[in-house]
Amino acid sequence: MSQEDIAPVEVGSGLAKLLTRRPMAGKNDKGDSMEKIVSLCKRRGFVFQSSEIYGGLNGCWDYGPLGVELKRNLKDYWWRRNVLEREDVVGMDGSILMNRNVWRASGHESTFSDPLIDCKTCKGRFRADQLEDSRCLLKPSKRPGECDGELTEPRQFNMMFRTFVGASEDDSSVTYLRPETAQSMFVQFKNVLETSRQKLPFGLAQIGKAFRNEINPRHFTFRSREFEQMEIEYFCRPEQGKELLEYWLKERLKFYEEIGLSFEKLHVLDVPEADRAHYSEGTYDIEYDFPFGRQELEGVAYRTNYDLRKHQEHSGKPLEYFDDETKEKFVPHVVEPSAGVDRTVLALLCEAYDEETITNEKGKEEMRTVMRFHPRIAPVKCGVFPLLKNKPELVAKARDLVDLLRPHMHVFYDEGGAIGRRYRRQDEAGTPFGVTIDFETLGEQGDDLRDTVTLRERDSMKQTRVPIQELTDRLIQEIR
Ligand code: ATP
């Protein structure tokens with residue numbers, strides 16, 4: 001997709017800045033940070049290679065104890081902002097396997113493909129439109145074609161995973177793992193309209209798995225074969241489409257800032273007509289400066305009424321809307337903000353990763369790795385530490401504190417090792433707050449400090465004394 005050829009768009013002043021194209025980011029200021037992030041993800045339990053003990057499965061990933069919380073917080077926040085806090089959007093959860101005719105009607109069976117090139121020499125398989133970023137398997141310093149390898153002509157490779165439903169494996173039982181969540185929302189349009197009693201404009205939202213047999217999965221979880229999407233189909237009257245496209249672009253940019261992605265690293269690409277799907281009357285790609293370059297996080301597209309029309313034609317079932325006021329009957333248009341869960345999690349990991357030199361508790365200089373997640377999406381909100389584990393009164397008090405906080409947030413209790421080491425472990429997990437129960441808490445240093453704790457803030461490492469009875473409210477406020 002061309003990075004330069006950008007048409008001007010009339011939007012608010014903040015967005016105008018985003019629409020000014022800057023040069024493609026190479027490695028970011030954190031240098032080789034991608035390798036360090038991948039290593040931290042494994043070390044701390046954010047992301048593991050799928051089926052690792054059997055050598056893995058290319059393009060598939062498992063989320064560990066911290067990763068699953070991060071992902072869940074992201075999805076919950078998306079759901080809260082886009083469904084629970086809005087009267088005009090309702091949710092659904094569609095099946096992954098659908099009638100094959102869905103994919104015939106949508107055009108996926110015939111056209112959901114990427115151009116594939118084989119190298120007869122190194123046996124590598126490459127996406128014809130990504131040769132620039134690909135490497136020869138035998139001579140990694142060269143691109144395919146620059147080496148002596150003989151390349152085949154490009155051929156179209158359908159990216160849907162084919163499978164069979166039922167006991168027979170013949171053509172009549174073929175279907176596919178869905179390559180996007182969108183189609184189940186189009187084919188359920190009428191049921192949702194009738195049961196939810198929504199009026200145009202209204203949206204249907206879904207979070208769920210999608211599968212694409214990508215030719216070259218790469219950049220860690222960025223391009224996977226199994227991934228999750230968060231999509232909204234926002235149905236409207238035809239004359240509202242263009243305006244709603246601008247509206248949803250702004251909404252989605254706001255969301256990314258709310259979860260802690262920095263404004264400077266977010267960009268908007270107004271996709272030129274030649275690069276858009278033929279039915280699209282406008283598409284924006286929201287991009288992020290990853291350490292490996294500027295890449296798409298989300299597409300916001302005005303898809304006209306193409307999808308509903310196609311399903312109406314193929315199924316023979318009316319997918320129209322009757323406007324009570326104007327007495328018109330028509331097939332609604334749709335604006336679709338379509339985001340990747342895994343890509344957003346990766347952006348959150350890249351954004352959060354930081355290293356700094358600090359003077360530790362023993363007065364020595366040390367390198368601190370810290371994940372500066374926004375408290376809203378941090379996997380664990382608060383660490384609770386008794387100063388010493390062999391002092392039963394400290395342990396009991398710390399356990400009481402865990403019980404106090406646990407109904408309100410995800411808390412991690414840790415009594416093992418030096419307190420500095422425990423802080424550092426939570427810094428790598430991205431836990432924004434740490435609470436230490438010490439002898440002052442027990443009242444051993446006088447009544448003034450009884451039932452107070454040390455609250456440590458992850459980013460500044462500042463420590464303050466806080467009464468236990470004020471702690472829950474204070475943390476809840478900070479997290480929100
Ligand atoms: P790309 O050009 O990067 O292949 P796309 O334009 O095909 O992406 P869409 O079909 O618009 O992607 O899907 C919507 C969103 O789903 C993308 O913006 C991305 O966040 C996510 N997504 C798509 N393909 C993948 C993948 N293979 N791995 C992870 N996320 C993906």
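Residues numbered from 1 in each chain as written. Predicted model: local features only at pLDDT ≥ 70, side-chain atom pairs only at ≥ 80, totals over all residues. Heavy atoms only, no water.

A. Region of the structure containing the overall build of the chain. If you tally the helices and strands in the chain, you get 13 helices and 23 strands. With respect to the principal axes defined by its C-alpha atoms, the chain has extents near 80 × 70 × 55 Å. With 480 residues in all, the chain has 53% of them scored as buried. By sequence separation, contacts in the chain at least 24 residues apart represent 66% of the contacts at least 6 residues apart. Only carbon and sulfur atoms are counted for the fraction: they give 48% of the accessible area of the chain, which is about 23,100 Å². Of the side chains in the chain, 73 bear a positive and 84 a negative charge, and the two mean positions are spaced by 3 Å. (Helix = DSSP H or I, 4+ residues; strand = E, 2+ residues; numbered from the N terminus. Buried < 20%, exposed > 50% of the residue type's maximum accessible area, 1.4 Å probe, protein only. Contact = heavy atoms within 4.5 Å. Areas by Shrake-Rupley, 256 points an atom, 1.4 Å probe, with all protein chains shown as cover. Lys, Arg positive; Asp, Glu negative; His and termini not counted. Charge placed at Lys NZ, Arg CZ, Asp CG, Glu CD.)

B. Structural context of the site of the ligand. Around the ligand there are 15 residues in total, and E214, R223, S224, E296 and L297 lie nearest to it. R223 places a polar side-chain atom, nitrogen or oxygen, 2.8 Å from an oxygen atom of the ligand. Here E296 contributes a side-chain N or O atom positioned 2.6 Å from an oxygen atom of the ligand. Taking 590 Å² as the accessible area of the ligand by itself, protein coverage stands at 80%. (Near = heavy atom within 4 Å. Polar contact = N/O pair within 3.5 Å; in protein donor to acceptor, adjacent residues only side chain to side chain.)

C. Quick look at the nonpolar core. Core analysis: the largest hydrophobic core is formed by 58 residues, its most contacted members being F46, Y256, I259, L261, F290, L349 and F373. The greatest single-element share of this core, amounting to 8 residues, is contributed by helix 10 (residues 341-352). (Core = buried A, V, L, I, M, F, W, Y, C linked by side-chain atoms within 4.5 Å.)

D. Up close: the domain arrangement of the chain. Once the domains are mapped, the chain shows domain 1 (3-110 + 172-349), domain 2 (113-158) and domain 3 (380-479). In this assembly, 7 residues from domain 1 lie in contact with 6 residues from domain 3. Between domain 1 and domain 3 the total buried area reaches about 550 Å² when both faces are included, carbon and sulfur atoms providing 49% of it. Of the charged contacts, one joins E428 and R44 as a salt bridge, the two residues approaching to 3.9 Å between their closest N and O atoms. On the surface where domain 1 and domain 3 come into contact, there are 1 residue pair in polar contact (both at pLDDT 80 or more). If you list the elements that add at least two residues to the side of domain 1 that touches domain 3, you get helix 2 (33-44) and helix 3 (65-84). The residue inventory of the side of domain 1 that touches domain 3, partitioned by class, reads 3 nonpolar, 1 polar and 3 charged. (Domains from an automatic or database assignment. Buried area = accessible area lost by both parts, 1.4 Å probe. Salt bridge = Lys/Arg side-chain N within 4 Å of Asp/Glu carboxyl O. Nonpolar A, V, L, I, M, F, W, Y, C, P; charged D, E, K, R; others polar.)

E. Representation of the sheet that holds strand 3 (residues 89-91). Strand order across the open sheet formed by 7 strands is 3-9-10-16-13-12-11, with mixed pairing between neighbours. Each end of this open sheet is capped by a strand with a single partner; those strands are strand 3 and strand 11 (266-270). Adjacent strand axes in the sheet meet at a mean angle of 25 degrees, parallel and antiparallel pairs treated alike. Sheet analysis places strand 11 next to strand 12 (residues 283-290), joined by 5 bridges and oriented antiparallel. Looking at the pairing, V268 lines up with I286 of strand 12. (Pairing = 2+ DSSP bridges. Axes fitted to C-alpha atoms, helices over the stretch in contact; angles between N-to-C directions.)

F. Focus on the pattern of salt bridges. Evaluation of the coordinates by the stated rule reveals 47 salt bridges. Taking the shortest distance from any N to any O, the salt bridge between R127 and D129 comes out at 3.0 Å. On the basis of relative accessible area, R127 is assigned to the buried category, the value being 11%. You can call D129 partly exposed: its relative accessible area is 48%. Between R303 and D307 there is a salt bridge, and its shortest N-O distance comes to 2.8 Å. Several salt bridges share partner residues, and in doing so they unite D354, E356, R368, R372, D427, R456, R458 and D459 into one network.

G. Summary view of the side chain of R294. Relative to the helices and strands, R294 resides in strand 13 (residues 293-302). A polar side-chain atom of R294 sits 3.4 Å from a polar atom in the side chain of H267. At 2.9 Å, the side chain of R294 and the side chain of D289 are in polar contact.

H. Spotlight on the confidence of the model for the chain. When pLDDT is averaged along the chain, the result is 91, and 94% of the positions lie at 70 or above. Here residues 1-31 is a poorly scored stretch, pLDDT under 50, and it has 64 contacts once near neighbours within four places are set aside; other chains count. (pLDDT = per-residue confidence, 0-100.)

I. The arrangement of helix 2 in detail. Its 12 residues give helix 2 an end-to-end C-alpha distance of 16 Å, which sits within 8% of 16 Å, the value for a rise of 1.5 Å per residue. Those residues of helix 2 that sit buried are S33, M34, I37, L40 and C41. Taken around the axis of helix 2, the buried residues stretch over an arc of 125 degrees, which confines them to a single face. Contact partners of the buried residues in helix 2: strand 1 (47-49), helix 10, strand 17 (353-359), strand 18 (365-371) and helix 12 (419-429). Following helix 2 by one or two positions, G45 adopts a phi angle in the positive range, close to 85 degrees. (Expected span 1.5 Å × (residues − 1). Arc of directions from axis to C-beta.)

J. Representation of the packing of helix 3 against helix 8 (residues 241-258) within the structure. Where helix 3 contacts helix 8, the two axes come as close as 11 Å, and the packing angle between them is 140 degrees. As the angle between them shows, helix 3 and helix 8 are arranged oblique. Relative to helix 8, helix 3 is oriented so that their crossing is right-handed. Residue-level inspection shows L74, Y77, W78, R81 and N82 of helix 3 in contact with helix 8, the latter providing W248, R252, F255 and E258. A class-by-class count of the residues in the contact of helix 3 with helix 8 yields 5 nonpolar, 1 polar and 3 charged. (Parallel < 35°, antiparallel > 145°, perpendicular 65-115°, else oblique. Left-handed = near helix turned anticlockwise from the far one by under 90°.)

K. Examining the environment of N99 more closely. Relative to the assigned elements, N99 resides in the loop between strand 3 and helix 4 (100-106). As for N99 and T175, which are separated by 76 residues in sequence, their C-alpha atoms are 6.7 Å apart. Here N101 takes part through its backbone nitrogen, which lies 2.9 Å from a polar atom of the side chain of N99.

L. Representation of the packing of helix 2 against helix 10 in the model. Running from amino to carboxyl end, helix 2 crosses helix 10 at an angle of 110 degrees, the nearest separation of the two axes being 10 Å. In this view, helix 2 runs roughly perpendicular relative to helix 10, as classed from their interaxial angle. Residue-level inspection shows M34, I37 and C41 of helix 2 in contact with helix 10, the latter providing L346, L349 and C350. For the contact of helix 2 with helix 10, the class distribution of residues is 6 nonpolar, no polar and no charged.

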